[in-house]
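A look at the structure
Residue strings, one per chain:
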Amino acid sequence: MPSYGFPTLLQYSRLNASISDIKQRSEQTRVEIVTGRIADLNATLAGGVGDAQLMRKAIDDIAVQQTSITRALGRAQASQLSLSRAADGATQIGVNVLDAVGRRDENAIGIASTQAGLQLDAAVAAFNQRYEGRALFSGDGVQQNALADSDTLLTDVRAIFAGAADAAQLEADLDAYFNTPGGGFDTNIYVGGAGNAARTEISDGELVNYSAKADEQPVRDLLRSLTSLIVAEEQTGFADRDAALSAAATGLIESSNGVAEIRSRIGAVEERMVAAQARLDAENTALGETYNERTARDPYEAATLLQQLESQLQTSFILTARISQLTLSNYI
């Protein structure tokens, strides 16, 4: 192992420390060239680093809000499509049944009943729709379906028809099943959460509820009318069959309007979310420009500095190699 004199050893140690510093600065400069930002804000901005950090936090907070609003808009739009799928054909079915009952056209009533069966299946599937794995119409029970299957509902309504003596009793029993708290619909059909889905924050302190639940009155009315129509068509021996068919048809038309009101409610919240998103975009742009002005690294200056540092590093390596080769014989 070579033996160094004190001055030579001191020089060697200093050069090693210098090389380490140059390497660190070179790596930092390379990062600045790639990112386009100052790597050490504390050293460069001094007293202004606090403002820069606050701006960075504000930009990050905006990004979180934007993501939340984007996901909420996606859920709202998916809900709109599901509501459309559930009810868009109901009004026409109701009109067709009223016309068929007036003409005593059993064939047309049968066709309308078949259409109602298809619409019922579509409605149940629509209200059980999920977005990103979370149920859309189950309130706070986002991991569970909103409704039981249509066969369960039809079985219950058939039992109600079987126990009704006339149209008045039928409507009373249907009211009790579908509308009484804790009734058949609540216990057998709606299987979602009891509470509402979580609201979304679209700006500081402003929370919006953009969701709907499958136990809302228009949904109950739609399902009641569809199942009543299907079962009434089957009950050819029921004394007030025409009245039951007409009530179901009228209910279909009215419930379609109710579902449209839910869609309008969601649409109004969608507009607020879109407006909030536009405000956040503008705020993000303004903050981003200011932050860039304060933290941007000039690429030309960074590249020039990197070239200088690499030159210094190469020179330091040469000097270190020469010092390490100094022996008494070489010195003499």
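Residues numbered from 1 in each chain as written. Predicted model: local features only at pLDDT ≥ 70, side-chain atom pairs only at ≥ 80, totals over all residues. Heavy atoms only, no water.

1. Considerations on the packing of helix α5 (residues 106–127) against helix α6 (residues 150–163)
Counted only if it meets this: For helices, the fitted line uses only the C-alpha atoms of the stretch in contact; every axis is such a line through C-alpha atoms, and the angle between N-to-C directions lies from 0 to 180 degrees. Numbering goes from the N terminus for both helices and strands, where a helix is a DSSP run of H or I of at least four residues and a strand is a run of E of at least two. We call two directions roughly parallel when the angle between them is under 35 degrees, roughly antiparallel when it is over 145, roughly perpendicular when it lies between 65 and 115, and oblique otherwise. Throughout, a residue-residue contact means that at least one pair of heavy atoms, one from each residue, lies within 4.5 Å.
It is at 10 Å that the axes of α5 and α6 come closest, and there the two elements cross at 125°. Here α5 is positioned oblique relative to α6, judged by the angle of their axes. For the pair formed by α5 and α6, the contact residues are L120, D121 and V124 on the first element and S150, L153 and L154 on the second.

2. Focus: the pattern of salt bridges
Defined as follows: We define a salt bridge as a side-chain nitrogen of Lys or Arg found within 4 Å of a carboxyl oxygen belonging to Asp or Glu. Burial classification: accessible surface area is computed with a 1.4 Å probe over protein chains only, and a residue below 20% of its type maximum counts as buried, one above 50% as exposed, and the rest as partly exposed.
Considering all chains together, one arrives at 13 salt bridges under this definition. For E132, the salt bridge identified is with R71, shortest N-O distance 2.8 Å. Within this pair, whereas E132 is found in the loop between β1 (130–131) and β2 (134–135), its partner R71 is found in helix α3 (residues 49–87), the two being separated by 61 residues in sequence. A relative accessible area of 47% means that E132 is categorised as partly exposed. Assessed through its relative accessible area of 43%, R71 is described here as partly exposed. Note that R104 is salt-bridged to D242, the shortest N-O span being 3.2 Å. Taken together, the residues span a long stretch of sequence, with R104 in the loop between α4 (90–103) and α5 and D242 in helix α10 (residues 241–295) at a distance of 138 residues.

3. Brief notes about the side chain of S255
Rules: Polar contact is defined as a pair of N or O atoms within 3.5 Å, subject to the rule that within protein one atom must be able to donate a hydrogen and the other to accept it, and that residues adjacent in sequence are counted only when both atoms are side-chain atoms.
Within the secondary structure, S255 is located in helix α10. One polar contact links the side chain of S255 to the main-chain carbonyl oxygen of L252, over a distance of 3.0 Å. What S255 contacts, discounting residues up to four positions off in sequence, is P218, D221 and L222.

4. With respect to the packing of aromatic side chains
Note the threshold: The rule is short: rings of Phe, Tyr and Trp, with Trp giving its six-membered ring, pair when the centres are within 6.5 Å, and they are stacked under 30 degrees, edge-to-face over 60, tilted in between.
All chains considered together, the criterion is met by four aromatic pairs. Residues F127 and F137 carry aromatic rings whose centres are separated by 5.3 Å and whose planes lie at 90° to one another, so their mutual orientation is edge-to-face. Placement of the pair is F127 in helix α5 and F137 in the loop between β2 and α6, with a sequence separation of 10 residues. Taken together, a centroid distance of 5.8 Å and an interplanar angle of 65° make the contact between F161 and F238 edge-to-face. Highlighted residues: F161 in helix α6 and F238 in the loop between α9 (217–234) and α10, separated in sequence by 77 residues. The same class applies to F161 as to F238, namely buried. By the ring-pair criterion, three or more aromatic residues cluster together here, those being Y177, F178 and F185.

5. Let's talk about the nonpolar core
Heads up, the condition is: Residues belong to one nonpolar core when they are buried, are Ala, Val, Leu, Ile, Met, Phe, Trp, Tyr or Cys, and are joined through side-chain atoms within 4.5 Å.
With 71 residues, the main nonpolar core has F127, L147, L222 and M273 as its most contacted residues. Secondary structure elements with two or more residues in this core: α3, α4, α5, α6, α7 (167–179), α8 (184–189), α9 and α10. For this core, the element with the highest residue contribution is α10, accounting for 14 residues. Sequence-distant contacts of M273, defined by excluding residues within four places in its chain, comprise I69, A72, L73, A76, I202, V208 and Y210.

6. Overview of the pairing of strand β3 (residues 200–203)
Convention followed: If DSSP finds at least two bridges between two strands, the strands pair.
Across three bridges, the pairing between β3 and strand β4 (residues 206–208) is antiparallel. For S203, the partnering residue across the bridge sits in β4 and is E206. Hairpin remark: β3 followed by β4, antiparallel, with two residues in the connecting loop; positive phi at G205, about 80°.

7. Observations concerning the packing of α6 against α9
Rules: Crossing handedness is read from the near helix: turned anticlockwise from the far helix by less than a right angle, it gives a left-handed crossing, and turned clockwise, a right-handed one. Residue polarity follows a fixed list, in which Ala, Val, Leu, Ile, Met, Phe, Trp, Tyr, Cys and Pro are nonpolar, Asp, Glu, Lys and Arg are charged, and the others, Gly among them, are polar.
Contact pair α6 / α9: the axes reach a minimum separation of 9 Å and the direction vectors enclose 60°. Relative to α9, the element α6 lies oblique. Judged by the twist between their axes, the crossing of α6 over α9 is right-handed. Here L153, L154, V157, R158 and F161 of α6 lie close against α9, whose contacting residues are L223, T227, S228, I230, V231, A232 and E234. Grouping the amino acids of the contact of α6 with α9 by side-chain chemistry returns eight nonpolar, two polar and two charged.

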